[in-house]
Structures are given as structure tokens and as C-alpha cells.
Amino acid sequence: MKTFRYTITDEIGIHARPAGLLAREAKKFASAITISVGEKQADATKLMAVMALGVKCGCEVEVRAEGADEDEAIRAMTELFEQNL
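Residues numbered from 1 in each chain as written. Predicted model: local features only at pLDDT ≥ 70, side-chain atom pairs only at ≥ 80, totals over all residues. Heavy atoms only, no water.

Visitor: Give me the lowdown on the sheet that holds strand 3 (residues 40-43), citing residues and values where you can.
Guide: Two orientations exist for strands paired in a sheet by backbone hydrogen bonds: parallel and antiparallel. On the basis of which strands lie adjacent, the open sheet formed by four strands has the order 1-4-2-3 and antiparallel pairing. Because the sheet does not close on itself, it has two edges, and the strands there are strand 1 (2-7) and strand 3. When strand polarity is set aside, the average angle formed by the axes of neighbouring strands in this sheet is 20 degrees. Strand direction decides the pairing type here: strand 2 (residues 32-37) and strand 3, joined by four bridges, are antiparallel. Of the residues in strand 3, the one forming a bridge with S36 is Q41. Packed on one face of the sheet, helix 3 (residues 70-84) meets strand 1, strand 2 and strand 4 (60-66) and runs near 5 degrees to strand 1. (Pairing = 2+ DSSP bridges. Helix = DSSP H or I, 4+ residues; strand = E, 2+ residues; numbered from the N terminus. Axes fitted to C-alpha atoms, helices over the stretch in contact; angles between N-to-C directions. Contact = heavy atoms within 4.5 Å.)

Below is the structure:
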């Protein structure tokens, strides 16, 4: 299992556009990718579940990848967060 933490800098937080980008990227991997904030957790491939987390600017999220391609998955997700959120 690989994880990273990221503090959201997008003024709007994780809204529809970045949630869609996250879901599309997560679906490329065999690994299970989850995003959590506080006690809430969501499957990164599920657009509505990611949006339901209610992540706002300044929130710290943890992204976890577990599976055969977890190294590649966490690297891609880290890049996506840094470029879009």
C-alpha cells in the first residue's frame, strides 16, 4: 500500500471538474485507489462519492493506492493533484 497526503489549494476544492479528472485517472489502474478526509473515505473511481466528501480549499486529503500497480497509481495521482488541485 502506498499513500500520500495533499493539502487542497484550489479555491473551490474538489468540485465536478477535478473529481471527474480524478475518477478517470483512477480507472486506468488495477489498484484500488481511495481518497479520505477526516473520517470520510471514497473510492476514487466514483465521481459522486469523491464529490460527496465535500473537500474544500485548505483541507488535507490522503490518497491511498493498493494493488499490483500501486507505485504507478500513486505517482500518477500525486501528479494530478499537484497540477489540478
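Moving on from the coordinates now.
Visitor: Lay out a nonpolar patch on the surface in plain terms, naming residues and giving numbers.
Guide: A surface patch of nonpolar side chains, amounting to about 270 Å² of accessible area, comprises L47, M48 and M51. Turning to its location among the elements, L47 is positioned in helix 2 (residues 47-52). A relative accessible area of 34% places L47 in the partly exposed class. (Patch = residues over 30% accessible without salt bridge, like charges linked within 9 Å, V, L, I, M, F, W, Y side chains within 5 Å. Areas by Shrake-Rupley, 256 points an atom, 1.4 Å probe, with all protein chains shown as cover. Salt bridge = Lys/Arg side-chain N within 4 Å of Asp/Glu carboxyl O. Buried < 20%, exposed > 50% of the residue type's maximum accessible area, 1.4 Å probe, protein only.)

Visitor: An account of the side chain of E62 is needed here, citing residue identities and associated values.
Guide: Following the sequence through the fold, E62 ends up in strand 4. Overall, E62 belongs to the buried group, its relative accessible area being 16%. For E62, the contacting residues outside a window of four places in its chain are T3, F4, R5, T34, I35 and S36.

Visitor: Account for the pattern of salt bridges, with residues named and values stated.
Guide: On inspection of all chains with the given rule, the structure shows five salt bridges. E25 is paired through a salt bridge with K28; the nearest N and O atoms lie 3.1 Å apart. The class of K28 is exposed, set by a relative accessible area of 60%. Measuring nitrogen to oxygen at the nearest pair gives 2.9 Å for the salt bridge that ties E62 to R64.

Visitor: Tell me about the packing of aromatic side chains, and name the residues and values.
Guide: Applying the stated rule across the entire model yields two aromatic pairs. Judged by centre distance (5.6 Å) and plane angle (80 degrees), the rings of F4 and F81 are edge-to-face. On the criterion of sequence distance, the pair formed by F4 in strand 1 and F81 in helix 3 is long-range, its members being 77 residues apart. For the pair Y6 and F81, a centre-to-centre distance of 5.6 Å together with 65 degrees between the ring planes defines the contact as edge-to-face. Of this pair, Y6 sits in strand 1 while F81 sits in helix 3, and the two are 75 residues apart along the sequence. A residue is classified by how much of its surface remains accessible, and Y6, at 15% relative accessible area, is buried. For F81, a relative accessible area of 0% translates into the label buried. Among the aromatic residues, those joined into a ring-pair cluster are F4, Y6 and F81. (Phe/Tyr/Trp six-rings, centres within 6.5 Å; stacked < 30°, edge-to-face > 60°.)

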